[in-house]
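Below are the chains, spelled out letter by letter.
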Amino acid sequence: MSKAPKKIPIEMPSLAEDRKITAAARSDPDAQPLTVAQLNAMVPLRSARGRPKSESKKLLLSVRYSPEVIAYFKSTGEGWQARMDGVLRQYVQEHSGHS
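Residues numbered from 1 in each chain as written. Predicted model: local features only at pLDDT ≥ 70, side-chain atom pairs only at ≥ 80, totals over all residues. Heavy atoms only, no water.

K.L.:
Describe the packing of aromatic side chains, listing the residues and the values that go with them.
P.N.:
Counted according to the given criterion, the structure contains 1 aromatic pair. With a centroid separation of 5.2 Å and an interplanar angle of 80°, the aromatic rings of Tyr 72 and Phe 73 are classed as edge-to-face. Classification of Tyr 72 as exposed rests on a relative accessible area of 52%. Taking the relative accessible area as the measure of exposure, Phe 73 reaches 13% and is therefore buried. (Phe/Tyr/Trp six-rings, centres within 6.5 Å; stacked < 30°, edge-to-face > 60°. Buried < 20%, exposed > 50% of the residue type's maximum accessible area, 1.4 Å probe, protein only.)

Below, the structure is given as structure tokens:
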């Protein structure tokens with residue numbers, strides 16, 4: 001059975017010690033406090049992750065296409081899926097009035 005290590009209590013600096021620490025930090029040219037503009041520009045890390053949210057949300061689904069169709073669009077280079085989406089959108093626009 002393992003023993004959990006004892007927690008060492010944290011000693012907070014006295015007011016005089018805290019003032020000395022703060023003065024030393026402010027005198028360091030490489031460690032200046034952030035400006036108000038810098039603080040306002042900060043965003044939580046979670047909101048900075050991933051791709052930006054799109055206004056036109058797309059649905060994720062699984063579809064099977066013939067190999068020739070996939071080969072053609074892939075041969076057009078990077079962004080082939082977006083081009084495929086564009087072709088399908090155009091088709092829908094052209095045929096949406098028909099039943």
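After presenting the structure, the write-up continues.
K.L.:
Run through the pattern of salt bridges, naming residues and quoting values.
P.N.:
For the structure shown, the criterion picks out 2 salt bridges. Where Lys 58 meets Asp 85, a salt bridge forms, and the shortest distance between an N and an O atom there is 3.6 Å. With a gap of 27 residues between them, Lys 58 in the loop between helix 3 (45–48) and helix 4 (67–75) and Asp 85 in helix 5 (residues 80–95) connect regions that are remote in the sequence. Asp 85 serves as the salt-bridge partner of Arg 89, at 3.2 Å between the closest nitrogen and oxygen. Residue Arg 89 and its partner Asp 85 are both found in helix 5; the two are separated by 4 residues, about one turn of the helix. Of the residues examined, Asp 85 reaches a relative accessible area of 26% and is grouped as partly exposed. Counted as one network, the salt bridges with shared partners bring together Lys 58, Asp 85 and Arg 89. (Salt bridge = Lys/Arg side-chain N within 4 Å of Asp/Glu carboxyl O. Helix = DSSP H or I, 4+ residues; strand = E, 2+ residues; numbered from the N terminus.)

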